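Letter by letter, the chains look like this.
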Amino acid sequence: MCKEQWLFDSVLWLLPVITLITGIITLFYFLGTKNYNYWTKHGVFSNTPRWPFLGNLRISDLPKSNRDLIKGIYDSFEGRGCGGFYFLTKPVLVVRDPDLIVSILVSDFTHFSSRGFHSNEQHDPLSKNLIHLDGPPWKQVRPKMTAAFGINKLRTMISDMDNFAAKTLEQMSKHSNINAEDLSDKFMIDVVSSCLFGINSEAIENPESAFYEVAKQIFDGYHFLVHVFVGYMFPAVHTLARMTVARSQVTHFFKKVTNENLHLRKSEGFSQRKDFFQTLVSMKETQEICKEDNGGSKVCDEDFIAANLFMFFSAGFDSSGKIGAFIIYELAANKEMQTTLRDEVLRVLEKYDDKMSFEALQEMTYLEKIVAEANRKYPILMVIFRKCEKAYRLPDGGLIEPGINVMIPSSAIHYDPKFYPDPEKFDPERFSEENKSQRHQGSYLPFGIGPRICPAWQFAILELKVFVARIVSKYELDLHPSTATPMRLHPRNFLLSPESDIIVNLTKV
Ligand code: HEM
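Residues numbered from 1 in each chain as written. Predicted model: local features only at pLDDT ≥ 70, side-chain atom pairs only at ≥ 80, totals over all residues. Heavy atoms only, no water.

Convention followed: UniProt positions are given in the numbering used here, feature names are shortened, and annotations may be inferred rather than shown by experiment.
Under an unreviewed UniProt entry, the name given to the chain is Cytochrome P450 CYP6FU1, and the source organism is Nilaparvata lugens. Recorded in UniProt under Function (unreviewed entry), the annotation for the chain is "May be involved in the metabolism of insect hormones and in the breakdown of synthetic insecticides." Listed under Cofactor (unreviewed entry) in UniProt, the entry text for the chain is "heme".

Here you go:
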């Protein structure tokens, strides 16, 4: 074959291959960037993404912790009230301005009443819980559930909380040091199980407590994080992969506990108790609507009770448990603060004959400030999630369409020196009456604000106060040399968590 012929044949062969490769690259580029003008089209500022499919994320972001990733996104809109972010190819509105935060979470709530967590109800019995409900069913069940946390009900729970604090102290007396997260989790598990569900979970006393075992499985690994992330960002993928809120053994456990508790209550006569479990039972009996979809409306059933027992148990023990551990850490790291708190607690308890009561807790104002600052420095949820339900005009004219996800990066706001100078410092005086009165409502968001605020926020504050007050009244706390200082945070956990154990030495006072 002559040279010309060979060249001609090669070009003939190569031409379709080159065309195919060019076509694939063009298609890949087109699909990976076709959404990138979404924010510009809707009049919202955004930073131009560099790579197809990655959106505004960068490869260098991947090793970052969740908290640092959120801070990076927040910082990328410095000087603006909000900005359009491309999370991979998905447009998400990120809000910075406290005025706009208050509008979205409070005054214009009707546009943003949904959280946007996806669930696969047909094959996930635990999905019908308050955190995952949106739209009319959420509006219908939320006030009934919140009523179980009214201030008069909370007052009656304090003696129960204090009994568990006494059991905690008894366990502590057997050891010279403690694992703060373990201790705090066990206290919160027993308090939530008893006060809300009338169940004795025996987490503090019984090393083989089934509730403690299942609690560890709920947030162990990344099951919940992946479920929330994929469901929020890519609901279709979530449905296709039949993702569930919890692993199957956890689902089985809460269904079984619900069934047993229902039988027990039936045998006792339902009207005996007035706790949260009873609220759920009443909602089942009055056939409250808890879901509306294409298949019509669904009423509260036994799965609805199991789903909310699961979610209130999980949300209840883990968030408060972590804050309890962070407070112990801060007290052990700061002896002066610890002594001031102990003096206050002992003085007030003496006045009330060592009886823990709502009034006594109210007089512990330094404790109040410490709990508030712990919730500032350790914003457990890191982000408040919303989904736009009704088209919304931003103050500068930008349009937010229904279906668009909204993220309020509370952890980054809590570390913005504009709101909290020297943000790494644990400083209870940020919550003096004077400082509190000057703070913008939209810059302190540990529990959210507005109609979708954490329904149990006062319950959480009370249990934390009882736990911390009793411990400092009996023990001097010092950090064990094995505890990392400064504290390192877990890079990937769904909730803000310490990376390693917080071990604290105990000395009786
Ligand atoms: C220090 C402890 C706690 C913190 C920091 C915390 C924080 C939060 C936050 C930030 C939200 C989202 C609010 C929003 O989207 O606007 C939330 C919602 C929720 N929390 Fe808490 N929480 C705590 C304790 C508890 C406890 C003890 C329970 C139950 C016993 C609980 C149950 C819930 C539930 C069910 C929701 C969903 C409410 C809804 O969607 O209507 N939380 N919490």
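From this point, the narrative continues.
## What about the pattern of salt bridges?
Our working definition: One side-chain nitrogen of Lys or Arg within 4 Å of one carboxyl oxygen of Asp or Glu is enough to make a salt bridge. Every helix listed is a DSSP run of H or I at least four residues long, and every strand listed is a run of E at least two residues long, numbered separately from the N terminus.
Following the criterion strictly, the structure yields 29 salt bridges and no others. Residue Arg58 is joined to Asp61 by a salt bridge in which the shortest nitrogen-to-oxygen separation is 3.4 Å. Measuring nitrogen to oxygen at the nearest pair gives 3.9 Å for the salt bridge that ties Arg96 to Glu78. Here the residue Arg96 occupies a position in the loop between β2 (90-95) and α4 (98-107), and Glu78 occupies one in the loop between α3 (66-75) and β1 (82-87), the gap between them amounting to 18 residues.

## Comments concerning the nonpolar core
So the rule is basically this: Only buried residues count toward a nonpolar core. Its members are Ala, Val, Leu, Ile, Met, Phe, Trp, Tyr and Cys residues joined through side-chain atoms within 4.5 Å. Accessible area is worked out with a 1.4 Å probe on protein chains only. A residue is then buried under 20% of its type maximum, exposed over 50%, and partly exposed in between.
Of all hydrophobic cores here, the largest spans 155 residues; its most connected members are Phe197, Phe254, Phe313, Ile400, Phe459 and Leu477. Here the element with the most residues in this core is helix α13 (residues 302-333); it accounts for 17 residues.

## Considering α3
This is how the line gets drawn: An arc is given here, and it is the one of the directions from the helix axis to the C-beta atoms.
Residues of α3 that are buried: Asn66, Arg67, Leu69, Ile70, Ile73 and Tyr74. For α3, the angular spread of the buried residues around the axis is 160°, confining them to a single face.

## Considering a nonpolar patch on the surface
Cut-off, in case you're wondering: Distance thresholds for patches are 9 Å for like charges and 5 Å for nonpolar side chains (Val, Leu, Ile, Met, Phe, Trp, Tyr), applied to residues having over 30% relative accessible area and no salt bridge. In these tables, accessible area is a Shrake-Rupley quantity obtained with a 1.4 Å probe, and a residue counts as shielded only by the protein chains included in the view.
Judged by side-chain polarity, Trp13, Leu14, Val17, Ile18, Ile21 and Ile25 come together as a nonpolar surface patch covering roughly 600 Å² of accessible area. You can see Ile21 is positioned in helix α1 (residues 3-33). A relative accessible area of 47% means that Ile21 is categorised as partly exposed.

## What about the coordination of the iron atom of the ligand?
Octahedral six-donor coordination of a metal ideally yields angles of 90 or 180 degrees, compared with 109.5 degrees for tetrahedral four-donor coordination. Quick note on the threshold: Metal-coordinating donors are taken as N, O and S atoms lying within 2.8 Å of the metal, or within 3.2 Å when the metal is Na, K or Ca; because water is left out, some sites can appear incomplete.
Among protein residues, the single donor to the iron atom of the ligand is Cys454 (SG), with a metal-donor distance of 2.4 Å. Mapped onto the elements of the fold, Cys454 is located in the loop between α18 (433-438) and α19 (457-474).

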